[in-house]
Each structure stands twice: as C-alpha cells, then as structure tokens.
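Residue-level structural notes
One letter stands for each residue in the lines below.
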Amino acid sequence: MPTYHEILTTDLSTLTKAAERWDGMAKDLNKQETAYRRDIHGITLLPTFAGESRQAANARFGVRLTEFQSAQTEAKAIASLLREAHTQFVDLRKKLESARQDAIAAGMKVSDQGVVSYDTGKLSQGEKQELAHDPDSQESVRKSVASWQAVIDKCVNDVNDADKGVEVAFAAVVKGPDMGDTVPGFNGKAQGDIEKYEAQEADDIARRVANGDKVSAADLAELRRAFRDNKSDKTFSQTFLDGLGPDGTLKFTNKLEDLAYFDDTKNRSTYLEINGGLADSLAVATRVPDFKDSEGRHLRFGTAAYNEAFQAWTKTDDARFYNKWREGLRSQGGDSYALEAAGRKNLVGMGADQKVRGYQSLATLMQQGHGYSPQFVADVTDDMISVEKKHPNIWDLYGKFSEKDGAGWFANDPVDGALEVMSRTPEGAAGYLDPGTAAGKERMDYLLGNGHDSRDWNIVNTTHDQAKVEAPGPDVQDTDDRKGLGDALTAAATGIDPHGSRPLGPTSHTDANNRVFVHALDVLSKQSDDMPASLRDDMAKIMTNHGHETYVAMSDPSGRRHPDVGPTLKGEQVMEMAKQISRSENSYGLLHQGMNYAIMDDIHNSSRKPEDTLSSAGYAVGFMEDARYAALKGDQHDYTWDKAWSYHVSGGLLNLIPVYGDVAQRGADVVTSAWIMDEQQHQAEKLTSDSQATYELRKNQLNAIADQWYAANSDWASGHTGYSRDDGVYKQIAGFANDGGSEFRGLAGIH
C-alpha cells in the first residue's frame, strides 16, 4: 500500500517507459511469428511433406504459432494496463496535491508523511495567546484539523484502492483460456482494461456469495474495494453485471440481505456497504445519456423530443446493455426467490418459507443506490405494473414490512419502492406522472385510484381461525402504504426532492409540475372521505409548495382573483382537500404552517392593496379553521385529535416551503409561534355541535398577523379609518376570519 510520501515522490514515468518496452516486445514477437510461420510452420504446408508425420508436425507447429500470437496479445494488453495505471495514478496524485494546497490555504500544515496540524506560525502573538486560553477556539481548531486529515486520508485511500485494482489486473492478464495445460502459455484473450479484470474478480466472489459458499474476509474486502474504486465506472459496472446477469444479481443481493439481517449480523455494515455498491453499479450500468437538442439544450424527460431521442438511442450499440438487462429483468422479475426476511415471517402455518418475487428484490436493491436515470426507473416501474395487471396479487405476502415492523428496508410493494427511487429525480417523476400525456394520465389515475381498473394496494395476506383451522383472510394494506407514491407525487408536483435539501433560491414550477398538482387535487378531492389517509401529508406539502395558488383559492370569496403565477384552483376542491388534510393532526399542521408563509408573502406584496392583504389573511385562517372543524365533526373526534397538541416544525416540510424574502420568512416564524400557542391553549376543548368563532380560537395567530401587517403598512393604516394600531386592525382581521369560516361552511354545505 503506497504511503502519502510514496504517492507524491514516486516517478510515475517508469510506467509509460515500461509500456513502451512491452509494445516493443509485441513488435519483436510479431517478427518472430512471421519467421516461424515462414520457416517452420510453412514446411508442413509444402506438397513434398505428406502423410501422418505432416499432420503431426502441422498440429504441433500450429500450437507454437498460436503461442506467438497469444504472446503478442498479452504483451499489448500489459502495455495498455501500464498506461491506464499511469493515467489513474497521475490523476489521483493531482487530487492529493490539490487537497494538500487547500489544507495549507486553510491554515494547516501537512507533513511529509501526510499528517495534518494547525499552522500556528501564521498567527500573531495575540492570536496565539487567545488560542492557548480559549477552549472554544481550541475545539474549533481540533475539528478543522480532523476534517482536513480526513480529506488527505481519503485521497491516499483512493490511490491504494486504485493500486489494488492494478494488482488484480496484472494477476489476471497472464491467465486465460488459451494457456497450455502442460507448459506455461500466453493469454490470447488478454485485455488492456483494468476495470474489466476488477469486474471479473468481483463477479467470481459475488457468485460464491450468492451460492452460499464460504467467502473469506479478504474476498469481502476486495468486493468493497472494487465497488469503491469503480463507483462511477461504466465499463466495470456493465462487465460485472453482465457476468452475473439479472438472475445472479437478484440472488446476490438477496444473499447479502440474508447475511446482513439474519445470518451474520455482526458484519451487517460490510454486507450493506457491498449491497450499496451493487446498487450504485446498477445505476451506472443502466445510465441513459443526457440528450440535447440541436442547440445543446437539455431535453426534459417525458417530452416528445426526449422520447424521440431515447428511441433512437435504443437502436445503437451503446444501448445494448440497457436493452439486454431490461429484457432480462422482464424475464426474471416475476420469478420466485428465497429471502429470509419473507421466509421467516411466519415460521409455521401460512406464509412459512414464502418466497419473494424478483422485482421486489430489485426495488429493494435500487432503494440503496444513487443516481438512477429517470428512464430506467420509469421503464422498470412500467414493467412491474404490467406484471401486476396480468397477475393480480403477485406481490402479496404474509406479514408486514414497514419501519414499524422492523423490515422497512424490504420493498414488499415493488411499485411503491420504485416510485420512491423516482422521487429523487423530480424531473423524472414529473415526466412519468404528467397527465398532459396519455401515458402519464393513465399512470396517475391507476396509482391514485381514479377509475375501476385502478391499482389494488392491498398486498398483505391475512389469516383467521375457521373451525380451529387457519384459513386465508382478506388482503389488507401495509402500514406504510403509498409511501413511495406520496414521495413521487410530491416531487412531480413541486419539482423538489421531498427528502433532499431546501433549495437555496426561489424555485419555479414547470407546466408538468402544475398539471400533476391540479390533477391530483381534482382526483383526490373527489374521493372525499375515501381519500387515502397516507397521502394527507403529501398533499399538505404540495399545497404548501404551491402556496400562492392555494392561498388565493382560500382567501378569495369572489373566485375572481387569479394567481400571479401558477394555475387557478377550484375553491371547492381546495376546500375538500383542506378538510381531508385536517383529519390528521400532523397533516393539518403542515398545511397551516405552510399557509403562514403564504400569508406573510402576500402581506409584503407591494402590488396589492393593503386592505386586501389583511382581509385575505383573515379569510384564509377562517377557511382552514373551519376545514378542521368539518373534518373532525364528521369523524366525531376530539377537537384536538384526542391528544395534546404536539406539532412541531417538520424537517420534511422545510425544503418544500417556497423561498420568500427574509422579512416575510421572519414574519411567518412569528405567526407560526402564535398559532402553536393557540393550539396549546385550546387543546382541552371539545368539539361542539357548532363551530366557535374563528377569532376566539385563533386569537394569538390573528393578532400576530395583524401586528405583522401593521408593521408593513403603518403609513397606509394611519390614513384610513378602522385600521388603528391598538384596536381597529385587530377588529378588522377578526371579522375577516369569521367571514372566512362562513365562506368555507358555505362551500362545504355546513350550517
């Protein structure tokens, strides 16, 4: 293993010099082959040489001639490997040198052995004294040193991984099917590609793991290294997966899961790291090019231009692996495979030793990977749906597989699992579900339950006692039903990964995003109380992200105001969705917090009349409060969901809240705090036959909004009657809030 010092000081030019000599050897061998063919082997072809001796000599001399040819192939391959090794090491050394310079620029010293320390020589005497007596500064320095040491160590480890890969390749290049059995021979099928040899070595180990053979710790370490070293290498990934094939890959990932969760749990992290490497290799191997138009602009997934470019690509040699693997998955996706997570769910009776399907294992694997092309995820999801339409109940298993049940890592619903992967690339999710295309609308309706041929989400088998005998019961949903669908729907409607980081700046919605939102709102609001409870949080997040459009619909009783951007929503659909969202405490909290941001943004919108922004705020609060009342009245629940108010700002919502101006965001934080205070004060109150006046229930929140409004519009308010700082502004918003509640009740038919 090369050290830091060796990496920076080794003369790498010796590798290219050696490559030149191996090329020279190949040329010399070619000369020898020519001479041997002419002077030795050629004798056996003369008409004067006949009989059995001619045949024997021809066969023997032919073997030697082949050896000359194989030797040339091997020599050229070795030269190619040396050059590739040189390229890799030069690139990796530059990265280490760059990391060293960055560390020095950040105030560090890096020794000849790669040890990082803080360079106090650059400090003034006063700074040195402060450092010596300030524990916080010392801790900050320790963290900084550790961070830079980790950067340097990673660069060194990357070189070590590459060095091991070169070693694997050189050990394999001299072996091959053309080697003689009795005398040393030469590899006539030698290849000049390090990654191909690494893939073949990894393939051999993977096969042994999948077969249940004993595999050494060194073999597992080599698998981990191979995946690390080739995490973005297409040649390695395709060679490795082509060797295993879809069937072998599914068996391999299942065995890794068995080892991680059941048979060798003490080494779980090792197996999961290998499985993650396998998942990433699948993503790299199936990656589709980033198609461009004639002017070099990116073609969005799902558009007609993209589809045309993709179809053309599938007919090229570059798509050969993709086409072959998708076809293989179609063949194996519905097949049965052993997986202990399923087989051990029920040790006796129904479900004992039950098998899983190939697509379930595939979705489980994909969820552990990164960087999948939207096209591959879409194709796989479509293929899964095609299978389940032909074979209803094909995914059904006994037992539950959710985080609550300790088996959430297994995608027992592969369609939902694939949709979760899809959500990580919002453009892909939008293109897949876009109701503006025939295929997108068909998918969306099928998944959301719009129509008689929509999806059956009941994939858990149950049993019941019948005359003291276990008998099959009705299928039920899993406890994490539609988790992936909710994520994909959120990504498709907002253009944001629901589990990613918050955008640094304002995000705009594409036409596809808007179409997904409007269609989802239409379909789910029509389902009324039959809307899946598992989608309430997701719709709250989507409406928050489309906060302006949603707020306009909530706050405009005339229905004549149109959003500045985005679609105009139907008030009755927003009303019904707000009601359904309000049936869950957390979902209601998500929506209400999101609307606080929209309220503040509207108040600071200089293009609107100040009095209109105040009335809109009051109307919206009244609208949402009566939505909750309607939801809980229908369910006959406690007014505060049968438990003390415990809502807190959700990290899952923060990345979906539009990026507003600093003043508006600070105002929203103030209003949200006041709203939570209202909830805490009223948590013991019971739902009565008549809703209370909104102002009494939302006094703190409404007063906080009034304060924020007055701070933004004090000049205007001082010149208009009824908007005084100490009295009028509070009465105004109270009246508007109560009117908003009445507006909701009118839309909902509540009296």
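Residues numbered from 1 in each chain as written. Predicted model: local features only at pLDDT ≥ 70, side-chain atom pairs only at ≥ 80, totals over all residues. Heavy atoms only, no water.

**Side note on the overall build of the chain**
When helices and strands are tallied, the chain shows 29 helices and eight strands. By the burial criterion, 50% of the 751 residues in the chain qualify as buried. Across the chain, the fraction of contacts at a sequence separation of at least 24, relative to all contacts at a separation of at least 6, is 73%. As presented, the chain carries roughly 34600 Å² of accessible surface, and 50% of it is formed by carbon and sulfur atoms. (Helix = DSSP H or I, 4+ residues; strand = E, 2+ residues; numbered from the N terminus. Buried < 20%, exposed > 50% of the residue type's maximum accessible area, 1.4 Å probe, protein only. Contact = heavy atoms within 4.5 Å. Areas by Shrake-Rupley, 256 points an atom, 1.4 Å probe, with all protein chains shown as cover.)

**Details of the pattern of salt bridges**
For the structure on display, the rule yields 44 salt bridges. Among the salt bridges present, the one from Glu139 reaches Arg142, with a minimum N-O distance of 3.0 Å. Of the two residues, Glu139 and Arg142 are both situated in helix 5 (residues 135–173); the distance of three residues between them amounts to about one turn of the helix. Assessed through its relative accessible area of 33%, Glu139 is described here as partly exposed. Note that Arg320 is salt-bridged to Asp317, the shortest N-O span being 2.7 Å. No difference in accessibility class separates Arg320 from Asp317, as the two residues are exposed. (Salt bridge = Lys/Arg side-chain N within 4 Å of Asp/Glu carboxyl O.)

**Quick look at helix 10 (residues 304–313)**
Of all the residues in helix 10, the buried ones are Tyr306, Phe310 and Trp313. Viewed end-on, helix 10 has its buried residues packed into an arc of 60°, placing them on one side of the element. Looking at helix 10, the residues exposed on the side facing more than 90 degrees away from the buried face are Ala304 and Glu308. Buried residues in helix 10 make contact with helix 11 (320–332) and helix 14 (374–390). (Arc of directions from axis to C-beta.)

**Let's talk about the packing of helix 18 (residues 483–494) against helix 20 (residues 536–545)**
Taken N-terminus to C-terminus, the directions of helix 18 and helix 20 make an angle of 10°; their axes are 9 Å apart at the nearest point. Classified by the angle between their axes, helix 18 and helix 20 sit roughly parallel to one another. Here helix 18 contributes Gly486, Asp487, Leu489, Thr490, Ala493 and Thr494 to the contact with helix 20, which in turn contributes Asp538, Met539, Ile542 and Asn545. (Axes fitted to C-alpha atoms, helices over the stretch in contact; angles between N-to-C directions. Parallel < 35°, antiparallel > 145°, perpendicular 65-115°, else oblique.)

**Overview of the environment of Lys441**
Following the sequence through the fold, Lys441 ends up in helix 17 (residues 438–448). Sequence-distant contacts of Lys441, defined by excluding residues within four places in its chain, comprise Asp434, Pro435 and His519.

**Topic: the nonpolar core**
Formed by 139 residues in total, the largest nonpolar core has its most connected members in Phe240 and Phe252. Residue contributions to this core peak at nine residues, all from helix 8 (residues 234–263). Look past the residues within four positions of Phe252 in its chain and what remains in contact with it is Ala206, Val209, Ala210, Leu223, Phe240, Leu244, Ile274 and Leu278. Formed by 35 residues, the second largest nonpolar core is a distinct cluster that contains Leu81, Ile152, Val156 and Ala190. (Core = buried A, V, L, I, M, F, W, Y, C linked by side-chain atoms within 4.5 Å.)

**Re the confidence of the model for the chain**
In this model, the chain carries a mean pLDDT of 87, and residues with pLDDT of at least 70 account for 87%. Within the model, pLDDT remains below 50 along residues 637–647, and this stretch shows 44 contacts once partners closer than five positions in the same chain are excluded. (pLDDT = per-residue confidence, 0-100.)

**Examining the side chain of Asn160**
Mapped onto the fold, Asn160 is located in helix 5. The contact partners of Asn160, leaving out residues within four places of it in the chain, are Met1 and Pro2.

**What to know about the packing of aromatic side chains**
Inspection of the entire model under this criterion finds 19 aromatic pairs. Measuring from ring centre to ring centre gives 6.1 Å for Phe227 and Phe236, while their planes differ by 90°; the resulting arrangement is edge-to-face. In this pair, the class of Phe227 matches that of Phe236, namely buried. Look at Tyr359 and Trp395: their rings are 6.4 Å apart centre to centre, the planes differ by 80°, and that puts the pair in the edge-to-face class. Within this pair, whereas Tyr359 is found in helix 13 (residues 358–366), its partner Trp395 is found in the loop between helix 14 and strand 5 (397–398), the two being separated by 36 residues in sequence. Both residues of the pair, Tyr359 and Trp395, belong to the buried class. (Phe/Tyr/Trp six-rings, centres within 6.5 Å; stacked < 30°, edge-to-face > 60°.)

**Some remarks on the packing of helix 16 (residues 426–433) against helix 18**
Between helix 16 and helix 18, the shortest axis-to-axis distance is 7 Å and the interhelical angle comes to 95°. Between helix 16 and helix 18, the angle falls in the class roughly perpendicular. Across the interface between the two elements, Pro426, Ala429, Ala430 and Leu433 from helix 16 touch Ala488, Leu489, Ala491 and Ala492 from helix 18. Each residue belonging to the contact of helix 16 with helix 18 can be placed in one class, and the counts come to eight nonpolar, no polar and no charged. (Nonpolar A, V, L, I, M, F, W, Y, C, P; charged D, E, K, R; others polar.)

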